[in-house]
Amino acid sequence: MPQDVGDDRAELVDDELLAAVQRLGRLMASRQVSTRIAEVAGVDISQQGVQIVRALLRDGECTIAGLAASAHMDISAVSRQLRPLEEAGLVGRSMAADDGRVALVSLTTAGAGVGRRIRKVGLRHLDESLADWSDRDRAQLARLLTRFVADLQSTGIPGANQTTLDSVNETS
C-alpha cells in the first residue's frame, strides 16, 4: 500500500530538523568558534575554559560538581581546566563555610571582566545573526528552543535504557 504524501513531507521535515539540530550542536561545540570568540574578546583561554568562565559568570560561585553540570562538562575535565584559569588569575577557589571539605569556585574580578567580554562577543554575534528577524520571531525562537531542549532532555531514547537525558547536563 502506498505511503501517504503527508507522511513523506513529515519525514522530510523531521530529517531537516534533525540535520539542523546536528549542525547547531557542531557549531556550538566548535573549538574554532570558541577560539574566535576568545580572540575577539581579547583573551587566550581554551574552549573548555570559555565554557567554565561563561558558566561561572551566569551562575556565580559553585562547587566543582555544580560547575561541571552548568558548563555541561565532565568533573575531571573541569578540574583539569581550573588550574590554567587559576594561574591566569581568572578563577579562585575557597572552602565552603558549612563544610570545609567542599571546594567552591568563583570568578575573580579579572575573570568576571573576561566573562563579560566573552558574553558581549557572543551576544553581538547572535544579534548580527538575527538582525533581519523581528522581535516577535526572536522571542518565539527563544521560547521554542527552550521548550525543545527541555523536551529532549526529559525524553528517553527509544530502544535504549529509558532514562532521560537530564544526566547529560552533568556528564558532557
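Please refer to the structure placed before this passage.
Residues numbered from 1 in each chain as written. Predicted model: local features only at pLDDT ≥ 70, side-chain atom pairs only at ≥ 80, totals over all residues. Heavy atoms only, no water.

Novice: How should I be thinking about the overall build of the chain in this particular structure?
Specialist: Scanning the chain for helices and strands turns up eight helices and three strands. Along its sequence from the N terminus, the chain presents helices and strands in the succession α-α-α-β-α-α-β-β-α-α-α. The burial tally for the chain puts 24% of its 172 residues in the buried class. The long-range share in the chain, meaning contacts at least 24 apart out of those at least 6 apart in sequence, stands at 44%. Split by element, the accessible area of the chain, about 11,900 Å² in all, is 55% carbon and sulfur. (Helix = DSSP H or I, 4+ residues; strand = E, 2+ residues; numbered from the N terminus. Buried < 20%, exposed > 50% of the residue type's maximum accessible area, 1.4 Å probe, protein only. Contact = heavy atoms within 4.5 Å. Areas by Shrake-Rupley, 256 points an atom, 1.4 Å probe, with all protein chains shown as cover.)

Novice: How should the sheet that holds strand E3 (residues 99–107) be read in this particular structure?
Specialist: Adjacent strands of a sheet pair through backbone hydrogen bonds, lying either parallel or antiparallel. Read from one edge to the other, the open sheet built from three strands follows the order E1-E3-E2, with strand pairing classed as antiparallel. Lying at the two open borders of the sheet, with one neighbouring strand each, are strand E1 (62–63) and strand E2 (91–96). Bridge analysis of E1 against E3 gives two bridges, and the strand direction is antiparallel. By the bridge assignment for E3, Cys62 is matched with Val105. The sheet contacts of helix H5 (residues 75–87) involve E2 and E3, and relative to E2 the element is tilted by about 120 degrees. (Pairing = 2+ DSSP bridges. Axes fitted to C-alpha atoms, helices over the stretch in contact; angles between N-to-C directions.)

Novice: Just to check I follow, could you spell out the packing of helix H3 (residues 47–59) against helix H6 (residues 109–129) for this structure?
Specialist: Close contact between H3 and H6 brings their axes to 9 Å; oriented N to C, the two are set at 100 degrees. Looking at the two axes, H3 sits roughly perpendicular to H6. Between H3, through Val50, Val53, Arg54 and Leu57, and H6, the contact on the second element is made entirely by Gly111, Ala112, Val114, Gly115, Arg116, Ile118 and Arg119. Here the residues of the contact of H3 with H6 are counted per class, giving six nonpolar, two polar and three charged. (Parallel < 35°, antiparallel > 145°, perpendicular 65-115°, else oblique. Nonpolar A, V, L, I, M, F, W, Y, C, P; charged D, E, K, R; others polar.)

Novice: I keep staring at the pattern of salt bridges and nothing clicks. Help me out?
Specialist: Between side chains of opposite charge, pairing is possible as soon as their charged atoms come close. Within this structure, the stated rule accounts for five salt bridges. Note that Arg93 is salt-bridged to Glu86, the shortest N-O span being 3.1 Å. Residues Arg147 and Asp151 are paired through a salt bridge, measuring 4.0 Å at the closest nitrogen-oxygen approach. Placement of both Arg147 and Asp151 in helix H7 (residues 135–154) is noted, with a separation of four residues, approximately one turn of the helix. (Salt bridge = Lys/Arg side-chain N within 4 Å of Asp/Glu carboxyl O.)

Novice: What's the story with the environment of Ala55 in this structure? I'm lost.
Specialist: Structurally, the position occupied by Ala55 is in helix H3. By relative accessible area, which is 1% here, Ala55 ends up buried. Each C-alpha atom, one on Ala55 and one on Ala68, is 8.9 Å from the other, the two residues being 13 residues apart in sequence. Beyond its immediate sequence surroundings of up to four residues, Ala55 is in contact with Gly60, Leu67, Ser70 and Ala71.

Novice: What am I meant to see in the nonpolar core here?
Specialist: Proteins that are soluble and globular tend to have nonpolar side chains buried together. If you look at the biggest cluster of nonpolar residues, it comprises 28 residues, and the most contacted ones within it are Ile45, Ile52, Leu56, Leu67, Val78, Leu82 and Ile118. Residue assignment for this core shows that the elements contributing at least two residues are helix H2 (31–41), H3, helix H4 (64–71), H5, E3 and H6. No other element matches the five residues that H3 contributes to this core. Excluding anything up to four places from it in sequence, Ile118 contacts Ile37, Ala41, Val43, Ile45, Val50, Val53 and Arg54. (Core = buried A, V, L, I, M, F, W, Y, C linked by side-chain atoms within 4.5 Å.)

Novice: I'm lost on the pairing of E3 in this one. Help?
Specialist: Strand residues, when the strand is regular, have side chains that alternate between the two faces of the sheet. The pairing of E2 with E3 spans six bridges and is classified as antiparallel. Within E3, the residue paired with Val91 across the bridge is Leu107. Where E2 hands over to E3, the hairpin turn is made up of two residues, counted between the paired strands.

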